[in-house]
Amino acid sequence: MAKFTLSKNERLKSKKAIDFLFEQGTFINQYPLKLVYNKKPLVEGLPPLLFSVSVSKRNFKSAVSRNRIKRLVREAYRTQCIPLKESSKINNLQIQMMCLYVGTEMPSLQRIQNKMAAILVKLQKSK
RNA sequence: GUACAUAUGACUUCAUCGCUGGUUAGUAUCAUAUAUUUAUUAUGAUCUAUCGAGAGGAAAGUCCGGACAACGCAGAGUACCAUACCAUUUAAUAAGUGGACUUUGAUUAUAGUAUCAAAGAUAGAUAGUGUCGCAGAAAGCUAGACCGCCAAGGCAUUUAUGUCUCGGUAAGGGUGAAAACGUGAGGUAAGAGCUCACGCUAUAGAAUAGUAAUAUUUUAAAGGGAUAAACCUUAUGGGUUGCAAUGCCAUGUAUAUUUUGAUCUUUCUUUUUAGAAGGGUAGGUGACUCGCCUAUAUACGCUUACGCGAAUGUCAAAAGGGGUAGGCAGAUAGAUUCGCAUUGAGCGAACUAGAUAAAUGAUGAAGGCUGAUUUAUCAGUUACAGAAUCCGGCUUAUUAAGUAUGUACAUAU
RNA sequence: GGCUGCAUAGCUCAACUGGAUAGAGUACCUGACUACGAAUCAGGCGGUUGAAGGUUCGAAUCCUUCUGCGGUCA
């Protein structure tokens, strides 16, 4: 049975990789979310998906609300990423992605889950 | 009753999924080392299971103070910066506690005095310098004569007035934030602390009370504007920089390269290879000076010699480049909290966040609390706000309800 | 995370060592010049000196606390 995990080594952390992503990655828009992704051949021993979240300090000044949004986005990703993970394993690809929150209002979990589902479907189709 | 200030306070329990770091374990996987070539042992990482833990009163601002670390082993003086009533607490502070004084407000009272509260950068203006615009005659020390007051002399006449000259005068007017003690009497041509009485101010001495600041009484001599949040003087304290400090590992490599400067000199010893002392030069001591410390090398060519030359290396300064953007330590735990003890420097118990594109979340159920009404349903469970080396203060932000203390206002008795 | 600066008219800057209506250019408005416009000339409008307290007779300036915006450190 597949687990709903999002542990430390399944996150995108390298600064080099993130810079590369913003130079050459592809964008998917689904207001209030925005996804940047990049595909690579999978290296043995590394996880198939790398994920990270970002919220702008310009739109949300308080650190508390930024943390809150990041947690909601991460929760939505965690519960819905399993089909994508399996398909990318089959195709032997590593997908690096970063999710930006572009909106200016505090969202509900329900809304973010819907949008995240739409994005992941698009991502799977784009192969 | 209302408002404000301070303190308290910051929902609880269970289940499922997930994150972080830790404990214990594994016929698990990988790497390294030992020894050996079947394999065993140790260490580290990953995975799985298990146990218990996981954000504040301000985690914020960075306004103070420490711990700790590096700079050379941290010396002296000057500059610079900070502080400034007294006692006391403290590791330390611009913090806390208590007291003194000044100012403001309120009450009693309406002269004073007393009580309560708030604020105070509360040493020195009698060490010196500067400043005090406009207005005003004059703005700082023998002050200052615009109007006014008065004496003397001249002129005119209406013979007690006007005017002029030269003097005296700080009582009165007016200006200003501020005009050089206040009131009364004497005194005088008119006046004046010029003199006297009563007061005021601050200074010095004495006595009493108090640990002290200071207060009360008394004596002496005096009358001195404000400003130190202007310079400054006095006293006390501070070496500078800060965990992105600092040390190690990995990656990469370059003592790259270019330019400029220095690599000197005197005396003594004599083992003539060299050694010692002094001076100079350069650098360090992260403001300056002193002091202290370090360096001042090697071989070669030309010349009879003094000396000159270029070279290698080293040091210093400037220019200009290359690589990394990772990990570990620093950093879970200590001036901690609670209780007991005090002829001391203790004893016992308890507590424990450790992330790094940055963890502490999601869902469901039950209970508590608050509000609304249909009285058994609905809604809410919030404000300010997210650890980043660690502590002690200060400042700022802050919801609902309640409690306690204080202040102000209103009403009733 | 530490250290360290700045804030004046719509914009760019002044205002000495506290002194009284906070000034200059530009922009904007009105008038003159011109057949009309530009340029030029004359006049005008526009500021609680980022906010709140304090010191002083008097604060853009000195002091304190906040607000916003930068710079720098491996």
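Residues numbered from 1 in each chain as written. Chains lettered and ligands numbered in written order. Predicted model: local features only at pLDDT ≥ 70, side-chain atom pairs only at ≥ 80, totals over all residues. Heavy atoms only, no water.

Phe 51, Val 73, Met 97 and Met 116 are the most contacted members of the largest nonpolar core, which totals 25 residues. When residues of this core are traced back to their parent elements, those giving at least two are β2 (33-41), β3 (49-55), α2 (63-80), β4 (93-101) and α4 (109-125). Sequence-distant contacts of Met 116, defined by excluding residues within four places in its chain, comprise Leu 33, Phe 51, Val 73, Ala 76, Tyr 77, Gln 80 and Cys 99. Leu 12, Ala 17, Ile 18 and Leu 50 belong to the second largest nonpolar core, which has eight residues in total. (Core = buried A, V, L, I, M, F, W, Y, C linked by side-chain atoms within 4.5 Å. Buried < 20%, exposed > 50% of the residue type's maximum accessible area, 1.4 Å probe, protein only. Helix = DSSP H or I, 4+ residues; strand = E, 2+ residues; numbered from the N terminus. Contact = heavy atoms within 4.5 Å.)

Here the focus is the side chain of Ser 65. Here Ser 65 is to be found in helix α2. Look at Ser 65 and you get buried, because its relative accessible area is 17%. Once residues within four sequence positions are removed from consideration, Ser 65 is found in contact with Phe 60 and Met 106.

Next up on the list: the environment of Lys 115. Here Lys 115 is to be found in helix α4. Accessibility expressed as a relative area gives 22% for Lys 115, which makes it partly exposed. Counting along the chain gives 40 residues from Lys 115 to Glu 75, while the straight-line C-alpha distance between them is 13 Å. Every residue in contact with Lys 115, bar those within four places of it in the chain, is listed here: Gln 30, Tyr 31, Pro 32 and Leu 33.

On to the sheet that holds strand β1 (residues 26-30). The strand order across the open sheet built from four strands is β1-β2-β4-β3, with neighbouring strands paired in mixed fashion. One side of each edge strand has no neighbouring strand; the edge strands of this open sheet are β1 and β3. On average, adjacent strands in this sheet sit at an angle of 20° to one another, irrespective of strand direction. Where β2 and β4 come together, nine bridges link them in antiparallel fashion. By the bridge assignment for β4, Tyr 37 is matched with Met 97. Each of β2, β3 and β4 is contacted by α2, which is oriented at about 155° to β3, the strand it contacts most. (Pairing = 2+ DSSP bridges. Axes fitted to C-alpha atoms, helices over the stretch in contact; angles between N-to-C directions.)

Structural measurements only, silent on function.
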